[in-house]
Amino acid sequence: MNTPAAGVPARAAAPPRLWWVYVLVGTALAVIGAGAGQVLSITLDLGDVAPSHACLVRNGISVYGGDPVTLDQAAYGSCMGDYSRVQALAALAGAVALPVTAWLLMLVGGIGTRWRLRPGRIAGAPAASQRLADRFAVLCDSQGLTGRNRPRLVPAPPGTGVTQAFTTGLPGTRPWVVVPLAYAYTDPAAFDAVAVHELGHVRSRDVLWASAVWWAGWLAVPALLLALLPLAGIPAVVWELYGGALVAAVVVALVMFVLRAGLLRRRELAADRHVLEVTADPTALTALIRPSGKRRAGVFATHPTAADRLALDPDAREREGGFVFTAAVGVVAMAAYHVVFTASTSLQWTIDTDTTTWAPVVAALLWASVVVPAWTGRAMSGPSGWTGPLAGAVVGLVVGYFLQPPGVITTIVALSGRGLLLSVPGLVVIAFAVALLTAGMATRLARHNRPRLGGFGAVLAVTAALAAAWGTITSAAVIHVAIGGVESIRWLLVVNGHHGIWRYTAALALVGLALVVPRSHLRGPVPAVIGMAAVTGGTASALSWYSRSGGDLSDPRNGFLTYQAWWVCALAGLVTAVVVAVVNGGALSAAPTSVLCGLLAAASAGAVQYAVLRFGYGVRSDLFRGTLQQPGWLLLLALIGTTPLTALLAAAVRRPQPRRGAVRWATGTAGLTALLALLLVAGGLTSVTVAERDLSDLATPSAAAKTPPVAPANTPRPLDQDAATAALADVPAVLPPGAQNVPTLPDSSSTRTPATCDEAVKRATVNEKALPRTAEVEQRFTFPMGDIPNGAGIRVAVTSYSAAHPGFADLDAENQACANFRQRSTEGNGYLDCYITPRPASDFPLARKRTLTALGQVKGTALVVTIHHYAAIFGSTRIDVAVDWFYLATAPPQAVLDETDRLVTSAMNVIAVKL
């Protein structure tokens, strides 16, 4: 410890700045604001949800129940595109508004403090104040605080109520160090201790982040409550819909306060350590701290106990990046993931592009940007265990993935059923693998010659690996929910490496690792190991493809052989990575070297394969895809999947010095690569790599279960009245219990606008009535169905004509002209906005299905009338079946929509079989 010159304090290093707190606090505020914005858009119905829900109902889709993955995505996008865009924009606006609000509140708080300490209130004792100012200038000069970084001293007389020193600041201005004027009349050493302590806060910029966290905690609940204000008159609905979000907001607020308190206690200790370094006096803190009987600080205490401060070791350094820190970073990163995922999927209908990669990239970049420097600092502070940080990474990322941020309606469909069984183990393995690689790079960066460049490389590599793996496991869960079968998972894992941004994953990881790993780590047996793996793997992959590719190949066969050949290259990289890890003694700092060597071997094997097929057999292919893109992608999958085993192996073979013997290790690498290649080609690894049936199975999805159509055996002749009546006899048997026969409703249609629609309807009606007929029977039944008010009704009709029916030309023209029309409601007190949506009808050779919805208002509540119409023609006989029902405001669950479709089809079938 330096001894200061007479009266001049020693120059001390600035306490470490917690810049990562700004990132986390800003992200947390943005997440809270996004949730509040999304809630506000819903409570104010900014996107007018009724037409969107009515459109979904017309297409047989409900937002309540039913899995979005298995729905008609084109229909869903056309119905919900505008509404989703408004909701996404509201969430993004909230994500900007709340951090701005916190900044303004920080500004107001700082202005208030400065107003309270304005010159007019602190006038008095000028001589004493000047003595403090002169000494304060010396202290600032000793620590190199000049210009805008130099704080202003404000001695506060007793009338201001200031009893303890503190630092206050406004964004973009010089901070103020406020001390009680009483220090002008005490021992100068006491003022030095207090002033240097506050200068420690100034140099580490603790003031602004402390205010930011404070307001982040206070704003969590009020922001959500403000968004729920439009529903204040119906608290039961608020609790039913957003009770969980309110509880989550309270928890978030408490966590923010606890984290703020814990960080402030650590920053107080850092400022105390600054005092000891500057004053070079081990007893300096006794003038600053008054001992108390309190042994431990509470979780909300912003200052450590006096005993802890007096027992401070000036040479010790706080190690950041432990379990709590890393877990908190993971939770915040995943909260950002949910917000970006929800907003991007809501906007994909508007921008017409795949936006699903945005969320994992943002979350991974946030996580890597904070964890890599924190863990690097941890490694620089001396030998330390990694069990806590690794566990914190897994817990934070996985638990954060399954937590719903307050107010955010997450659309991660992989969270239930069989998707959950897949995603949980996969996410745990991914988090552990990426955390292990990050710890290895942090250990390496602690001794790096160019830490900034190496840090950039580490962030790049971690972001690429984490984003690609996280996004892929989510997509695999989605595909598994939609399609089912192990084949769906296996094929998605393989092919996802050439979609969108993921095609550059291996290249980005390679560049990032190259910036971290020094060239000295690529000496000794390493080059020989890489070379033998490349030659063996590349040759084996080329021969395996060519020897089995004779004749015209089907697409599944060609894809299988190509991907299997790339898998051979990836296995060469996997063997290389494991061998290099063993050669380097299983050290954690050598993990980046192992992964880099594996990527180099896989890419080199791909290059050998490309050269053999291109120049030996004239097979043309994409160079980048065949060398680095796909072999590297498959290698990363293999490395992540085998991380638990390789970690155990590294622990078992650990030794302080690297191993030697280039020939022995290179030969072993070649033999193991050849063995795995033979095993893969023979089908021994098909269950975890790729199978030929994968692509063909996915190309033929299973058909949805439905009621089989029943068509007449022969073309029916015209019916008489009795035969037509008899055709309707079995309809009640397919209706729900409680069905009753009721009189048919009179025709109450009114004029439609636009005129083209009205003309099309009238023309179809006139043409239909002009056809000569032999029989016409119509019946109507009502029946209860779910929670639909007044149940539902079904109209069935059989009309037989003297000659063959001309077909559905008029009905098709009506559907086209009346896709969107308006007519006066039957009560005569308003209008109904109506829509007609044709539906697929392939059960019979000549049939049409359509759904009509009409939107109106009943005492300010949206009323939606829905009619499912099914018409079919058999020779000279036409059958019409129509189910009608209505709902208020809230669309019914998917089960009701499925039931109406079943009723329409079943009624049509029992009538058709009678013809």
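Residues numbered from 1 in each chain as written. Predicted model: local features only at pLDDT ≥ 70, side-chain atom pairs only at ≥ 80, totals over all residues. Heavy atoms only, no water.

**Re the overall build of the chain**
Line of reasoning, step 1. Looking only at helices and strands, the chain features 26 helices and 12 strands.
Line of reasoning, step 2. Taken along the three principal axes of its C-alpha coordinates, the chain extends 120 × 80 × 45 Å.
Line of reasoning, step 3. The buried share of the chain, taken over its 915 residues, is 51%.
Line of reasoning, step 4. A separation threshold of at least 6 residues defines the contact pool for the chain, and within that pool the share at least 24 residues apart is 78%.
Line of reasoning, step 5. Accessible surface for the chain amounts to roughly 40,500 Å². Of this, 62% is attributable to carbon and sulfur atoms.
Line of reasoning, step 6. With 68 positive and 51 negative side-chain charges, the chain shows a spacing of 15 Å between the two charge centroids. (Helix = DSSP H or I, 4+ residues; strand = E, 2+ residues; numbered from the N terminus. Buried < 20%, exposed > 50% of the residue type's maximum accessible area, 1.4 Å probe, protein only. Contact = heavy atoms within 4.5 Å. Areas by Shrake-Rupley, 256 points an atom, 1.4 Å probe, with all protein chains shown as cover. Lys, Arg positive; Asp, Glu negative; His and termini not counted. Charge placed at Lys NZ, Arg CZ, Asp CG, Glu CD.)

**Things to note about the sheet that holds strand E3 (residues 176–180)**
Line of reasoning, step 1. Overall, mixed pairing links the 3 strands, which are arranged E1-E3-E2 in an open sheet. Among the strands making up the open sheet, the edge pair consists of strand E1 (152–156) and strand E2 (166–168). Taken pair by pair, the neighbouring strands of this sheet meet at an average axis angle of 30°, ignoring direction.
Line of reasoning, step 2. Sitting on the sheet, helix H3 (residues 73–116) touches E2 and E3, and the angle it makes with E2 is about 120°.
Line of reasoning, step 3. Set on the sheet, helix H5 (residues 188–204) makes contact with E1, E2 and E3; between it and E3 the angle comes to about 155°. (Pairing = 2+ DSSP bridges. Axes fitted to C-alpha atoms, helices over the stretch in contact; angles between N-to-C directions.)

**A few points about the pattern of salt bridges**
Line of reasoning, step 1. With the rule as written, the count across this model stands at 16 salt bridges.
Line of reasoning, step 2. The salt bridge partner of Arg85 is Asp82, with a shortest N-O separation of 3.1 Å. Pair noted here: Arg85 and Asp82 are both in helix H3, with a separation of 3 residues, about one helical turn.
Line of reasoning, step 3. When the shortest N-O distance is used, the salt bridge between Arg850 and Glu814 registers 3.2 Å. Of this pair, Arg850 sits in strand E10 (residues 847–858) while Glu814 sits in helix H25 (residues 809–817), and the two are 36 residues apart along the sequence.
Line of reasoning, step 4. For Arg850, a relative accessible area of 15% corresponds to the buried category.
Line of reasoning, step 5. Residue classification places Glu814 among the buried positions, given a relative accessible area of 11%.
Line of reasoning, step 6. Via salt bridges that share partners, Glu768, Arg878 and Asp880 belong to a single interconnected network. (Salt bridge = Lys/Arg side-chain N within 4 Å of Asp/Glu carboxyl O.)

**Digging into the environment of Asp272**
Line of reasoning, step 1. Looking at the element boundaries, Asp272 is found in helix H7 (residues 235–279).
Line of reasoning, step 2. Owing to a relative accessible area of 0%, Asp272 belongs among the buried residues under this scheme.
Line of reasoning, step 3. Dropping the residues within four chain positions of it, Asp272 is found in contact with His197, Leu285, Leu288, Ile289, Arg309 and Leu312.
Line of reasoning, step 4. Within polar-contact distance, the side chain of Asp272 engages the side chain of Arg309 at 2.7 Å. (Polar contact = N/O pair within 3.5 Å; in protein donor to acceptor, adjacent residues only side chain to side chain.)

**Overview of the side chain of Thr877**
Line of reasoning, step 1. Tracing the chain through its elements places Thr877 in strand E12 (residues 877–888).
Line of reasoning, step 2. Classification of Thr877 as buried rests on a relative accessible area of 0%.
Line of reasoning, step 3. There is a polar contact of 3.1 Å between the side chain of Thr877 and the side chain of Ser800.
Line of reasoning, step 4. Apart from residues lying up to four places away in sequence, Thr877 is in contact with Arg717, Leu719, Val798, Thr799, Ser800, Ala872 and Leu915.

**Focus on the confidence of the model for the chain**
Line of reasoning, step 1. Residues of the chain with pLDDT of at least 70 account for 91%, and the chain-wide mean is 84.
Line of reasoning, step 2. Least confident of the elements in the chain is helix H22 (residues 692–698), whose mean pLDDT is 61; most confident is helix H15 (residues 505–516), at 95. (pLDDT = per-residue confidence, 0-100.)

**Quick word on the pairing of E10**
Line of reasoning, step 1. As paired elements, strand E9 (residues 831–839) and E10 share 7 bridges and run antiparallel to each other. Residue pairing across strands places Cys834 opposite Ala854, the latter belonging to E10.
Line of reasoning, step 2. Bridge analysis of E10 against strand E11 (residues 861–874) gives 12 bridges, and the strand direction is antiparallel. If you follow Arg848 over to E11, its bridge partner there is Ala871.
Line of reasoning, step 3. Two successive antiparallel strands, E10 and E11, enclose a turn made up of 2 residues, where Lys859 displays a positive phi of approximately 55°.

**Section: the sheet that holds strand E7 (residues 792–801)**
Line of reasoning, step 1. The sheet built from 9 strands is open, its strands ordered E4-E6-E7-E12-E11-E10-E9-E8-E5 with antiparallel pairing. Looking at which strands have only one partner, the edges of the open sheet turn out to be strand E4 (740–742) and strand E5 (752–753).
Line of reasoning, step 2. The sheet contact formed by strand E8 (residues 820–824) and E9 spans 5 bridges and is antiparallel. Its bridge partner lying in E9, Arg822 is registered against Asp833.

**With respect to a nonpolar patch on the surface**
Line of reasoning, step 1. Where nonpolar side chains cluster on the molecular surface, the patch consists of Trp239, Val247, Val251, Val255, Leu259, Phe323, Val324, Val331, Val395, Val399 and Leu403 and spans about 910 Å² of accessible area.
Line of reasoning, step 2. Listed by contribution, the elements that provide at least two residues to the nonpolar patch are H7, helix H9 (323–351) and helix H11 (387–402).
Line of reasoning, step 3. Sorting elements by how many residues they give to the nonpolar patch places H7 first, with 5 residues.
Line of reasoning, step 4. Structurally, Val255 can be placed in helix H7. (Patch = residues over 30% accessible without salt bridge, like charges linked within 9 Å, V, L, I, M, F, W, Y side chains within 5 Å.)

**Focus: the state of the cysteines**
Line of reasoning, step 1. Tallied over the entire structure, the rule returns 2 disulfides.
Line of reasoning, step 2. The disulfide bridge from Cys55 ends at Cys79, spanning 2.0 Å between sulfur atoms. Residues Cys55 and Cys79 are joined by a disulfide whose S-S torsion is about -65°; by sign, that bridge is left-handed. One end of the pair, Cys55, is in helix H2 (residues 49–58); the other, Cys79, is in helix H3, and 24 residues separate them in sequence. Each member of the pair, Cys55 as well as Cys79, carries the same accessibility label: buried.
Line of reasoning, step 3. Note on cysteine connectivity: Cys757 is disulfide-linked to Cys818, with sulfurs 2.0 Å apart. One quick way to see it: the torsion about the S-S bond of Cys757 and Cys818 is about 105°, and its sign makes the bridge right-handed. Note that Cys757 is positioned in helix H24 (residues 755–770) and Cys818 in the loop between H25 and E8, a separation of 61 residues in sequence.
Line of reasoning, step 4. You can call Cys757 buried: its relative accessible area is 0%. (Disulfide = S-S within 2.5 Å.)

**Observations regarding the packing of aromatic side chains**
Line of reasoning, step 1. This model, assessed by the stated rule, comprises 13 aromatic pairs.
Line of reasoning, step 2. On the numbers, 5.3 Å between centres and 85° between planes, the contact of Tyr563 with Trp566 is edge-to-face. Taken together, the residues Tyr563 and Trp566, both in helix H17 (residues 555–583) and 3 residues apart, mark about one turn of the helix. Taken individually, Tyr563 and Trp566 each receive the classification buried, so the pair is uniform in this respect. (Phe/Tyr/Trp six-rings, centres within 6.5 Å; stacked < 30°, edge-to-face > 60°.)

**Brief notes about empty space enclosed by the protein**
Line of reasoning, step 1. Counted according to the given criterion, the structure contains 2 cavities of 30 Å³ or more.
Line of reasoning, step 2. Roughly 60 Å³ of internal volume is contained in the largest cavity.
Line of reasoning, step 3. Of all elements in the fold, only helix H1 (19–43), H3 and H9 reach the threshold of two or more residues within the lining of the largest cavity.
Line of reasoning, step 4. If one sorts the elements of the lining of the largest cavity by residue count, H9 sits on top with 4 residues. (1 Å grid on protein atoms, 1.4 Å probe; cavity = no way out; pocket = protein on both sides within 12 Å on 5 of 7 lines; lining within 4 Å. Points joined across faces, edges and corners; volume = space filled by probe spheres on them.)

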